[in-house]
Amino acid sequence: MMTTSTASGKIILFGEHAVVYGRPAIAVPVTQVRATATVTDAPAGSGCTLVAQDLGEAVRLADAGADHPLALVLRLALDAAGIAREPDWRVVLTSDIPIASGLGSGAAISAALVRAALTHAGQPAPPETVSRLVYRSEELFHGTPSGIDNTVIAYERPVWFVKGQPPESFAVGQPFTLAIADSGIPSPTKESVGDVRRAWEADPAGYEAIFSRIADVVHGARRAIRDGNLAAIGALMNVNQQRLEALGVSSAELEKLIEAARGAGALGAKLSGGGRGGNVIALVDEQNAAAVQAALLAAGAKRVILTQVGTAAIR
Ligand code: PMV
């Protein structure tokens, strides 16, 4: 028997960093890129082998240490499925989601793995369970994540996210297109989150004020998205970017990409995720999508993905 499950990438539209401090954020799945996990029954007594195909790496579950992230996820899933004895499985993982660039590659690989393991064990794999198990693994390796990555990837639909609360879906009045440009610079999310924390500790009132002004943008964005008001969504992306600059998580390279996108006609642009490196997102329409994509590449983007928000997700 063979079970294959997949999980999409994700991108944060509004509210990164402030979300760590209890403010809302909006994130959407990026379904063009996916992680895939395949579980196949292996001969009896052969045990469980995890194969990370892209890394050319294979490890026996019994030999993997407690610090092996994928083995940890698989153990959590087996535990949730009520499987106490190591099963005779071959588990193969692949992904076309660029790593360390804010597209949620780690959470997506974990989500695909949890889905495939639960399904192969004959158990249901509802989004709440997938989200919870992926969060537990992220927590062990990334400190204090807000939980937005595992949530949007497990539910695979646009989410309004507040830390510690169940995710809400929200209405998209009119589908819109984003250009996601990879700066090619790895995004050190843990570092930028740590720097913001130190700055907040030194000046709590000042930083709380910026977080609250980011929250205003996120509330405005929810209304603009509901109303299908693309000009307003774009303007709010620009305001959110200014406030991320005030937090100290932008960079000259990201701002060069943002300027290039705006100059080529994007309705708005901002960094997405942890910042410093990683992705820039730009709101485009049919008329300017190609020009914005070309301008981003000319300004140094390593690759540009166009993704539609508000159309049904394909699993
Ligand atoms: O870099 P990404 O896309 O994984 O996003 C990080 C988002 C932060 O708000 C900066 C951190 C978090 O845990 O939400």
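So, here's what we can say about the structure.

Applying the stated rule across the entire model yields ten salt bridges. One salt bridge connects Arg-34 with Glu-156, and the closest N-O pair in it is separated by 3.0 Å. With Arg-34 in strand 2 (residues 25-41) and Glu-156 in the loop between helix 4 (148-155) and strand 6 (159-161), this pair connects stretches of sequence that are 122 residues apart. Each member of the pair Arg-34 and Glu-156 is classed as buried. Note that Glu-259 is salt-bridged to Arg-262, the shortest N-O span being 3.3 Å. Of this pair, Glu-259 and Arg-262 both sit in helix 8 (residues 252-263), three residues apart, which is roughly one turn of that helix. Shared partners join several salt bridges into a network, and the residues in it are Asp-195, Arg-198 and Arg-276.

Of all hydrophobic cores here, the largest spans 104 residues; its most connected members are Leu-13, Phe-14 and Leu-74. Domain assignment of the residues forming this core places at least three in each of domain 1 (2-169) and domain 2 (176-309). Setting aside chain neighbours within four positions, we find Phe-14 in contact with Ala-25, Ile-26, Val-217, Val-218, Ala-221, Ile-225, Ile-233, Leu-236, Met-237, Asn-240 and Lys-270.

Before going further, it helps to examine the site of the ligand. The environment of the ligand is formed by 15 residues, the closest being Lys-10, His-17, Ser-146, Thr-189 and Gly-274. Separating an oxygen atom of the ligand from a side-chain N or O atom of Lys-10 is a distance of 2.9 Å. A distance of 2.9 Å separates an oxygen atom of the ligand from a polar backbone atom of His-17. In isolation the ligand exposes 380 Å². Once the protein is present, 90% of that is buried.

The volume enclosed by the largest pocket comes to roughly 1,300 Å³. Around the largest pocket, the lining is made up of 49 residues, and of these Gly-106, Ala-107, Glu-138, His-142 and Asp-149 lie nearest the centre. Put simply, the parts of the chain that give the lining of the largest pocket at least two residues each are strand 1 (2-14), helix 1 (69-80), strand 5 (89-95), helix 2 (105-120), helix 3 (127-142), helix 4 and helix 5 (189-202). Looking at the lining of the largest pocket residue by residue, the class counts come to 20 nonpolar, 22 polar and seven charged. Size it by volume and the second largest pocket reaches roughly 270 Å³. Forming the boundary of the second largest pocket are 16 residues, of which Ser-131, Asn-150, Thr-151, Phe-161 and Gln-165 lie nearest the centre.

Conventions we followed
- Residues numbered from 1 in each chain as written.
- Predicted model: local features only at pLDDT ≥ 70, side-chain atom pairs only at ≥ 80, totals over all residues.
- Heavy atoms only, no water.
- Salt bridge = Lys/Arg side-chain N within 4 Å of Asp/Glu carboxyl O.
- Helix = DSSP H or I, 4+ residues; strand = E, 2+ residues; numbered from the N terminus.
- Buried < 20%, exposed > 50% of the residue type's maximum accessible area, 1.4 Å probe, protein only.
- Core = buried A, V, L, I, M, F, W, Y, C linked by side-chain atoms within 4.5 Å.
- Domains from an automatic or database assignment.
- Contact = heavy atoms within 4.5 Å.
- Near = heavy atom within 4 Å.
- Polar contact = N/O pair within 3.5 Å; in protein donor to acceptor, adjacent residues only side chain to side chain.
- Areas by Shrake-Rupley, 256 points an atom, 1.4 Å probe, with all protein chains shown as cover.
- 1 Å grid on protein atoms, 1.4 Å probe; cavity = no way out; pocket = protein on both sides within 12 Å on 5 of 7 lines; lining within 4 Å.
- Points joined across faces, edges and corners; volume = space filled by probe spheres on them.
- Nonpolar A, V, L, I, M, F, W, Y, C, P; charged D, E, K, R; others polar.

Everything listed here is a matter of coordinates, which is why it stays silent on function.
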